[in-house]
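Observations on the three-dimensional arrangement
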Amino acid sequence: MKVTLVSEGTYPFAMGGVSVWMDQLIRGMPDYTWDVVAMTVDGRERPVWERPPNLQKVISVPLWTAKWRRRSGKPPGSGFAQVYGRFLEMVLTPAVRGEGGAEFLATLEQLYRFAHEGGDLVGALTTNESLSQLMDAWYWNRSDRLTLADAVVAGDLMGHMLRPLAEPPPRTDLTHVSMNGLSMLMAMTAKWQYGTPIVLSEHGVYLRERYLQYVDEPVSHAVRVLLLSFFRRLATAAYAAADRIAPHSSYNRRWQLRNGADPGRIRIMYNGVDPADFPVATTDPPEPTIVFMGRVDPLKDLHMLIRAFQIVRDKIPDARLRVFGGVPKGNESYHESCLDLIAELGLEGSAVFEGRVASQVDAYHAGQVVALTSISEGFPYTVVEAMACGRPVVVTNVGGVAEAVGEAGFVVPPRDHVAAADAMVRLLHDGELRHRLGLLARERVLTRFTLRQSLDDYRAVYRECVGARA
């Protein structure tokens, strides 16, 4: 079988949980051949993962380069105007509990047909006629105002986001998409062109994360509303297109059902790790230490972790916080804000950002407690890996985190640094409790979250989808 994995901004150009999961799938099924289609910024990204022997091609689809436009494409014409008008009407009309997914999917297919019949889809969205259409549609469907400047920005951004519809559809037996959103556009093109079945995984809830992201996006309120409305419709269309929906937690499943997913197509697929790669820690560091392992990103809410550590430090003066993980491109200012907060709270020397670590096991073994204070997650590898190492965890109740932890750690509300600090202090003070929870954590991984279980589940789903097509 040949499987094409599609992702947005991850493997093989970035580290992180989604990239780990993709590498696991490719290496864990050496009898399959694989391609990877990656939504990138400008196509100049360089791989940071060693290429597995059964990975045949890595195709970069740059979404934000300015050089993409098909200058010789045919002008939009009245046919395009009709399709684009329906597209705008649906985007600007609030969806009711995920209704209209199949209809919006059909509208996206018409835009795809225009692009593959010689049309310049990206350019068409910023013509005078299309900008006028956008402003008229806004006027008839909204009570507030859309300026010409807003229309130009929105048309340009929409053109970048719809670029995958103009790319050649991948030739493959099955398309497996790592997340909802723009990545699903590539899978849709293969289904329209070749009838290729789609498996859609969701590590986090893509739509929810767009809501969180656009709170701070440097665009006007009108542009923000337009883009979030597009993402809402796209999520619903993606659930209509997918043959199998494979969320990584029950939490994700609830969001999918809320946005129109067919419950008969959903199968929860937990992430897994190889326990042999994460041996149990047999010693503790000399000082009371809390560890974070992961990328430096606003979704990880490291500000909450630092504020919680200030309380811990007040109660346990020799406590330390060690933050392991790289700073993705674009997150440099967030990293600086974390360092500024450490300085503001007088925690220099006791709270340290140590950068990317060669061995994640060494990071987990470096602390008595592992913390994750995210505001959004799917089913995070760092929690399962830490548990495999026999470390108790303090985590926020987002995504599938509570499902992973069960009774083997402390689950606190997101953004509640006081509750997190109380849990950390209790664990650092009580060695017997740490030991008991560490044993529970390791046992929970062995019985429920191994890599072998995960790979067997995906093989079964792949065979179901390809067999049904045959």
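Refer to the structure printed above.
Residues numbered from 1 in each chain as written. Predicted model: local features only at pLDDT ≥ 70, side-chain atom pairs only at ≥ 80, totals over all residues. Heavy atoms only, no water.

On to the packing of aromatic side chains, then. For the structure shown, the criterion picks out 20 aromatic pairs. Between the aromatic rings of Tyr32 and Tyr462, the centroid separation amounts to 6.3 Å while the plane-to-plane angle is 35°, which identifies the pairing as tilted. Of the two residues, Tyr32 sits in the loop between helix H1 (17-28) and strand S2 (33-40) while Tyr462 sits in helix H18 (residues 451-469), which places them 430 residues apart along the sequence. By the burial criterion, Tyr32 is buried, and Tyr462 matches it. With 4.9 Å between their ring centres and 45° between their planes, Tyr270 and Phe379 make a pair best called tilted. (Phe/Tyr/Trp six-rings, centres within 6.5 Å; stacked < 30°, edge-to-face > 60°. Helix = DSSP H or I, 4+ residues; strand = E, 2+ residues; numbered from the N terminus. Buried < 20%, exposed > 50% of the residue type's maximum accessible area, 1.4 Å probe, protein only.)

A few words on the pattern of salt bridges. Here the structure, examined in full by the defined rule, presents 21 salt bridges. Two residues, Asp35 and Lys2, come together in a salt bridge whose shortest N-O distance is 3.0 Å. Of this pair, Asp35 sits in strand S2 while Lys2 sits in strand S1 (residues 2-8), and the two are 33 residues apart along the sequence. For the pair formed by Asp35 and Lys2, the shared burial category is buried. Between Lys315 and Asp422 there is a salt bridge, with its nearest N and O atoms 3.8 Å apart. Of this pair, Lys315 sits in helix H11 (residues 302-315) while Asp422 sits in helix H16 (residues 417-429); the two residues are 107 residues apart in sequence, bridging distant segments of the chain. Taking relative accessible area as the criterion, Lys315 reaches 48% and is therefore assigned partly exposed. (Salt bridge = Lys/Arg side-chain N within 4 Å of Asp/Glu carboxyl O.)

What follows concerns the side chain of Glu209. Examined against the element boundaries, Glu209 turns out to sit in helix H8 (residues 206-214). With no salt bridge to any partner, buried Glu209 finds its closest opposite charge in Arg210, at an N-O distance of 4.5 Å. (Lys, Arg positive; Asp, Glu negative; His and termini not counted.)

Pairing between the strands of a sheet comes from backbone hydrogen bonds, and it takes one of two forms, parallel or antiparallel. Taken in spatial order, the six strands of this open sheet run S9-S8-S7-S10-S11-S12, and their pairing is parallel. The open sheet has two edge strands with one neighbour each: strand S9 (351-355) and strand S12 (409-412). This sheet shows a mean twist of 20° between the axes of neighbouring strands, independent of strand direction. Relative to strand S11 (residues 393-396), strand S10 (residues 369-372) runs parallel, the two sharing three bridges. Each residue of the ladder has a partner; that of Val370, found in S11, is Val393. Sitting on the sheet, H11 touches strand S7 (289-293), strand S8 (320-324), S9, S10, S11 and S12, and the angle it makes with S7 is about 175°. (Pairing = 2+ DSSP bridges. Axes fitted to C-alpha atoms, helices over the stretch in contact; angles between N-to-C directions. Contact = heavy atoms within 4.5 Å.)

Attention shifts here to the sheet that holds S1. Strand order across the open sheet formed by six strands is S3-S2-S1-S4-S5-S6, with parallel pairing between neighbours. Each edge of the open sheet carries a strand with a single partner, namely strand S3 (55-62) and strand S6 (244-247). Strand-to-strand twist in this sheet, taken as the mean axis angle between neighbours without regard to direction, amounts to 20°. Relative to strand S4 (residues 174-177), S1 runs parallel, the two sharing four bridges. Across the sheet, Leu5 pairs through a bridge with His176, a residue of S4.

In this section: the nonpolar core. Within the largest apolar cluster, 159 residues are counted, with the highest numbers of intra-cluster contacts made by Phe87, Leu108, Leu162, Met188 and Phe230. Apart from the residues within four sequence positions on either side, Met188 is in contact with Leu105, Leu108, Ile198, Leu234, Ala237, Ala238 and Ala241. (Core = buried A, V, L, I, M, F, W, Y, C linked by side-chain atoms within 4.5 Å.)

Take the packing of helix H2 (residues 77-91) against helix H5 (residues 128-141) next. The geometry of a pair of packed helices is captured by two quantities: the angle between their axes and the separation between those axes. Taken N-terminus to C-terminus, the directions of H2 and H5 make an angle of 35°; their axes are 10 Å apart at the nearest point. Crossing of H2 against H5: the hand is right-handed. For the pair formed by H2 and H5, the contact residues are Phe80, Ala81, Tyr84, Gly85 and Leu88 on the first element and Ser130, Gln133, Leu134 and Ala137 on the second. A per-class count over the contact of H2 with H5 returns six nonpolar, three polar and no charged. (Left-handed = near helix turned anticlockwise from the far one by under 90°. Nonpolar A, V, L, I, M, F, W, Y, C, P; charged D, E, K, R; others polar.)

Compared with an ideal rise of 1.5 Å per residue, which puts 21 residues at 30 Å, helix H9 (residues 221-241) spans 30 Å between its outermost C-alpha atoms and is within 8% of the ideal. Most of H9 sits out of view: 19 of its 21 residues are buried. (Expected span 1.5 Å × (residues − 1).)

Its 18 residues place the ends of helix H17 (residues 431-448) 26 Å apart at the C-alpha level, agreeing with the 26 Å of an ideal helix rising 1.5 Å per residue. Within H17, burial applies to Leu433, Arg434, Leu437, Gly438, Ala441, Arg442, Arg444 and Val445. The arc that holds every buried residue of H17, seen down its axis, measures 160°, which confines them to one face. In H17, those exposed residues whose orientation departs by more than 90 degrees from the buried face are Glu432, His435 and Leu439. (Arc of directions from axis to C-beta.)

Moving on, we come to the environment of Leu92. Assignment of secondary structure puts Leu92 in the loop between H2 and helix H3 (101-116). Taking the C-alpha atoms as reference points, Leu92 and Val225, separated by 133 residues in sequence, lie 8.8 Å from one another. Not counting residues within four places of it along the chain, the set of residues in contact with Leu92 comprises Ala137, Trp138, Asn141 and Leu226.

Among the secondary structure elements, Pro170 is positioned in the loop between helix H6 (148-161) and S4. Exposure remark for Pro170: the relative accessible area of 9% places this residue in the buried category. Spatially, the C-alpha atom of Pro170 lies 16 Å from that of Ala241, the residues being 71 residues apart in sequence. Here Pro170 is in contact with Thr4, Met186, Thr189, Ala190 and Tyr194, once residues within four sequence places are set aside.

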